[in-house]
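Okay, here's what each chain looks like letter by letter:
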Amino acid sequence: MVNYKELGLVNTKEMFAKAIKGGYAIPAFNFNNMEQLQAIIKAAVETKSPVILQVSKGARNYANQTLLRYMAEGAVEYAKELGCNHPEIVLHLDHGDSFELCKSCVDMGFSSVMIDGSHLPYEENVALTKKVVEYAHQYGVTVEGELGVLAGVEDEVCAEHHTYTNPEEVIDFATRTGCDSLAISIGTSHGAYKFKPEQCHVDPATGRLVPPPLAFEVLDAVMEKLPGFPIVLHGSSSVPQEEVETINKYGGKLEAAIGIPEEELRKAAKSAVCKINIDSDSRLAMTAAIREVFATKPAEFDPRKYLGPARDNMEKLYKHKIINVLGSDNKLAQLD
Ligand SMILES: [Zn+2]
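Summarised in this report is the structure supplied together with it.

About the criteria used
Residues numbered from 1 in each chain as written. Predicted model: local features only at pLDDT ≥ 70, side-chain atom pairs only at ≥ 80, totals over all residues. Helix = DSSP H or I, 4+ residues; strand = E, 2+ residues; numbered from the N terminus. Rg over C-alpha atoms; globule rule 2.2 N^0.38 Å. Buried ≥ 20, exposed ≤ 12 C-beta atoms within 10 Å, placed from the backbone. Contact = placed C-beta atoms within 7 Å. Axes fitted to C-alpha atoms, helices over the stretch in contact; angles between N-to-C directions. Parallel < 35°, antiparallel > 145°, perpendicular 65-115°, else oblique. Left-handed = near helix turned anticlockwise from the far one by under 90°. Pairing = 2+ DSSP bridges. Core = buried A, V, L, I, M, F, W, Y, C linked by C-beta atoms within 7 Å. Nonpolar A, V, L, I, M, F, W, Y, C, P; charged D, E, K, R; others polar. Expected span 1.5 Å × (residues − 1). Arc of directions from axis to C-beta. Right-handed = clockwise from strand over helix to strand, strands pointing away.

## A closer look at the overall build of the chain
Part 1 of the reasoning: Counting its secondary structure elements, the chain contains 12 helices and 13 strands.
Part 2 of the reasoning: Against the globule reference of 20 Å for 336 residues, the chain gives a C-alpha radius of gyration of 19 Å, in line with a compact fold.
Part 3 of the reasoning: The principal-axis extent of the C-alpha atoms belonging to the chain is close to 60 × 45 × 35 Å.
Part 4 of the reasoning: Relative to its 336 residues, the chain shows a buried fraction of 49%.
Part 5 of the reasoning: For the chain, contacts bridging at least 24 residues in sequence account for 75% of all contacts bridging at least 6.

Structure representation (structure tokens):
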């Protein structure tokens, strides 16, 4: 048993309380490899932002859960080496699907876990979430629950249609489970294809597709029921069209990839939404940079020569999100 505090990690408790008061959101970036992790840490250090490192089921299958945990431990030391004496880094399990998995993460040093019982009947979701909370809280590990179903595909999490969170259920759920934060469904969705073109309208100024707005009325109703309670948005990539265009220009084939407009996320970040999950955008940034090198320098075969530019492009994206969308820059408790 290793406690996250021994690894220099923090849980989400104070971080979220401050974010709600301050009207900003903490970035939750998924990672599966070293370049992505380096880019996340560099961006967080340079902008003096707290950050949540997320490990999904796909990441655990791809990179190994134990290795990812040691990489997160290394990330704390890396942040210090980059000049951040008091980094605030959370290691979070994304979409935990069983008590046993959440327990194994708590036991190996994760500082936060998500138990996703949103696909279960309501009472079963309550019972499972409560069981995870009771275990995790003994060790100071914070727990994210989920109510409502998000559409889209993220690793192994997949649903065809949204079911918006029912605001009537949130007080009961939060009180009975004791969870520290709640992921809700208001129209965001997983993956790079969040909307079908027929759901969108064309912006006459740019010619690009604009998706239907998020259900802010559901968010408002949730906030009214649970004032000051930390809310989480999953599936919140914006699918930057310049990255999609670069990918397609250099031989890729991404058709009608559409994300959540950044203005909507900016608006959400100012509310009780204090954690915003972003994964697809970093995948796009990485792929765009690699495709460009492959297409423009076909003789290149040193992986550092294409993974390096990929890392730089991801770092740029993370900084943009932190500064221009989430507003979490300069929010470390100790800035020195
Ligand atoms: Zn998710």
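After that view, the rundown keeps rolling.
## Description of the packing of helix α7 (residues 167-177) against helix α8 (residues 216-225)
Part 1 of the reasoning: Here α7 crosses α8 at 40 degrees, and the two axes come no closer than 8 Å. The orientation of α7 relative to α8 falls into the category oblique. In terms of crossing hand, the pair formed by α7 and α8 is right-handed. Contacts from Pro167, Val170 and Ile171 in α7 reach Val218, Ala221, Val222 and Lys225 in α8.

## Some thoughts on the environment of tyrosine 4
Part 1 of the reasoning: By the element assignment, tyrosine 4 lies in the segment before α1 (13-22).
Part 2 of the reasoning: A count of 25 C-beta atoms within 10 Å places tyrosine 4 in the buried class.
Part 3 of the reasoning: When the C-alpha atoms of tyrosine 4 and asparagine 313 are compared, they prove to be 30 Å apart, with 309 residues separating the residues in sequence.
Part 4 of the reasoning: Look past the residues within four positions of tyrosine 4 in its chain and what remains in contact with it is Leu9, Leu91, Gly109, Phe110, Ser111 and Val141.

## Some words on the environment of serine 282
Part 1 of the reasoning: Mapped onto the elements of the fold, serine 282 is located in helix α11 (residues 280-296).
Part 2 of the reasoning: A C-alpha to C-alpha distance of 21 Å links serine 282 and valine 76, two positions 206 residues apart in sequence.
Part 3 of the reasoning: Excluding anything up to four places from it in sequence, serine 282 contacts Phe29, Gln36, Met314 and Leu317.

## Section: the sheet that holds strand β2 (residues 51-55)
Part 1 of the reasoning: Spatially, eight strands are ordered β1-β2-β3-β4-β5-β8-β12-β13 in a closed barrel, and the strand pairing comes out parallel. On average, each strand axis in the sheet is tilted by 25 degrees relative to the strand beside it, whichever way the strands run.
Part 2 of the reasoning: Examined bridge by bridge, strand β1 (residues 26-30) and strand β13 (residues 273-278) share four bridges and lie parallel to one another. Paired with proline 27 across the two strands is isoleucine 276, which belongs to β13.

## Side note on the nonpolar core
Part 1 of the reasoning: Formed by 92 residues in total, the largest nonpolar core has its most connected members in Ile40, Leu53 and Val113.
Part 2 of the reasoning: For isoleucine 40, the residues in contact, after removing those within four places along its chain, are Phe29, Phe31, Val51, Leu53 and Tyr318.

## Structural notes on the environment of glutamine 138
Part 1 of the reasoning: Mapped onto the secondary structure, glutamine 138 falls in the loop between α6 (122-137) and β5 (142-147).
Part 2 of the reasoning: Separated by 32 residues in the primary sequence, glutamine 138 and valine 106 have C-alpha atoms spaced 9.9 Å apart.

## Quick notes on the packing of α6 against α7
Part 1 of the reasoning: Axis separation between α6 and α7 bottoms out at 8 Å; the angle between their running directions is 35 degrees. In the crossing of α6 with α7, the sense of the turn from one axis to the other is right-handed. Counted together, Tyr122, Val126, Thr129, Lys130 and Val133 of α6 and Glu169, Phe173, Arg176 and Thr177 of α7 form the full contact between these two elements.
Part 2 of the reasoning: Taken together, the residues that form the contact of α6 with α7 break down as four nonpolar, two polar and three charged.

## Quick look at helix α12 (residues 303-326)
Part 1 of the reasoning: Between its first and last C-alpha atoms α12 spans 32 Å; for 24 residues at 1.5 Å apiece the expected length is 34 Å, and the two agree.
Part 2 of the reasoning: Looking at α12, one finds that the buried residues are Ala310, Arg311, Asn313, Met314, Glu315, Leu317, Tyr318, Lys321, Ile322, Val325 and Leu326.
Part 3 of the reasoning: Positive backbone phi, approximately 75 degrees, marks glycine 327, located one or two places after α12.

## Re unusual backbone geometry
Part 1 of the reasoning: Of note, the phi angle at alanine 256 is positive, near 50 degrees, even though the residue is not glycine.
Part 2 of the reasoning: Since 14 C-beta atoms lie within 10 Å of it, alanine 256 is described here as partly exposed.
Part 3 of the reasoning: Its identity as a non-glycine residue notwithstanding, asparagine 330 has a phi of 55 degrees, on the positive side.
Part 4 of the reasoning: The residue asparagine 330 is located in the segment after α12 in this model.
Part 5 of the reasoning: Taking the number of C-beta atoms within 10 Å as the measure of exposure, asparagine 330 has 12 and is therefore exposed.

## As for helix α10 (residues 262-269)
Part 1 of the reasoning: Where α10 is concerned, the buried positions are Glu264, Leu265, Ala268 and Ala269. The arc that holds every buried residue of α10, seen down its axis, measures 135 degrees, which confines them to one face.
Part 2 of the reasoning: Elements in contact with the buried residues of α10: α8, β12 (231-233), β13 and α12.

## What about the pairing of strand β3 (residues 89-96)?
Part 1 of the reasoning: Most of β3 is tucked away, with eight of its eight residues classed as buried.
Part 2 of the reasoning: Pairing of β3 with strand β4 (residues 112-115) involves three bridges; the strand directions are parallel. Across the sheet, residue leucine 93 finds its bridge partner in β4, namely valine 113.
Part 3 of the reasoning: The handedness of the β3 to β4 crossover, carried by helix α5 (residues 99-108), is right-handed.

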